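Each chain, letter by letter, is given below.
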Amino acid sequence: MSKQLTKAEEQIMQVLWNLKVASVKEVIAELPEPKPAYNTVSTIIRILETKEFVGHEPKGRGYVYHPLVEKSDYSNESLHKLMNGYFGGSFKSMVSFFMKENKMDINELESILKEVDKNKKS
């Protein structure tokens, strides 16, 4: 995958990941105010197709679009880029940073540790 999305592209992908399949009008309906123009969203979707994040199928006189990339795959790759770019590839440094900056309490940390432990066993 290794292609980065712009903020606008990521916003469109979030909608498509939620809806699974949608027309441009349906995507626009899910976006916050002020709504972007139809042509703007259509152009962004075409860029996402070029980047191979989105596919389309004909429907009536137009198209419906669907994600080609799983949200979890993109999230995982983005998280690794963040970790490698800002924390020297250290998960420990990244978690430590978020704990300090977000004043995480012990209950939240224990909950995270339980999740980590659960994932190690599976």
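Source: prediction; values computed, not measured.

**Details of the overall build of the protein**
Here is step 1: Regarding its fold elements, the protein presents 6 helices and 2 strands.
Here is step 2: Ordered by position from N to C terminus, the α and β elements of the protein give α-α-α-β-β-α-α-α.
Here is step 3: Seen through its principal axes, the protein has C-alpha atoms that stretch 55 × 35 × 25 Å.
Here is step 4: The proportion of buried residues among the 122 residues of the protein is 24%.
Here is step 5: Of all intrachain contacts in the protein linking residues separated by at least 6 positions in sequence, the fraction that spans at least 24 positions is 46%.
Here is step 6: If the 18 positive side-chain charges of the protein are averaged to one point and the 17 negative ones to another, these points end up 1 Å apart.

**Points about the packing of helix 4 (residues 71-86) against helix 5 (residues 91-101)**
Here is step 1: Following both chains from N to C, one finds helix 4 and helix 5 inclined at 90°, their axes separated by 9 Å at the closest point. Of the possible angle classes, the one that applies to helix 4 and helix 5 is roughly perpendicular. Listed contacts from helix 5 to Leu79, Leu82 and Met83 of helix 4 are Phe91, Met94 and Phe98.
Here is step 2: Residues that form the contact of helix 4 with helix 5 fall into these classes: 6 nonpolar, no polar and no charged.

**Description of the pattern of salt bridges**
Here is step 1: A complete count under the given rule lists 3 salt bridges for this structure.
Here is step 2: Among the salt bridges present, the one from lysine 51 reaches glutamate 9, with a minimum N-O distance of 2.7 Å. With lysine 51 in the loop between helix 3 (38-50) and strand 1 (54-59) and glutamate 9 in helix 1 (residues 7-19), this residue pair connects regions lying 42 residues apart in the sequence.
Here is step 3: Relative accessible area serves as the criterion here: at 6%, glutamate 9 is assigned to the buried category.
Here is step 4: Glutamate 77 is paired through a salt bridge with lysine 81; the nearest N and O atoms lie 3.5 Å apart. With glutamate 77 and lysine 81 both in helix 4 and 4 residues apart, this pair spans about one turn of that helix.

**Points about the pairing of strand 2 (residues 62-67)**
Here is step 1: One ladder, built from 6 bridges, connects strand 1 with strand 2; its direction is antiparallel. Looking at strand 2, one finds that glycine 55 is bridged to histidine 66.
Here is step 2: A loop of 2 residues connects strand 1 with strand 2, the two strands running antiparallel in sequence, and glycine 60 in this loop sits at a positive phi of about 60°.

Calculation rules
Residues numbered from 1 in each chain as written. Predicted model: local features only at pLDDT ≥ 70, side-chain atom pairs only at ≥ 80, totals over all residues. Heavy atoms only, no water. Helix = DSSP H or I, 4+ residues; strand = E, 2+ residues; numbered from the N terminus. Buried < 20%, exposed > 50% of the residue type's maximum accessible area, 1.4 Å probe, protein only. Contact = heavy atoms within 4.5 Å. Lys, Arg positive; Asp, Glu negative; His and termini not counted. Charge placed at Lys NZ, Arg CZ, Asp CG, Glu CD. Axes fitted to C-alpha atoms, helices over the stretch in contact; angles between N-to-C directions. Parallel < 35°, antiparallel > 145°, perpendicular 65-115°, else oblique. Nonpolar A, V, L, I, M, F, W, Y, C, P; charged D, E, K, R; others polar. Salt bridge = Lys/Arg side-chain N within 4 Å of Asp/Glu carboxyl O. Pairing = 2+ DSSP bridges.

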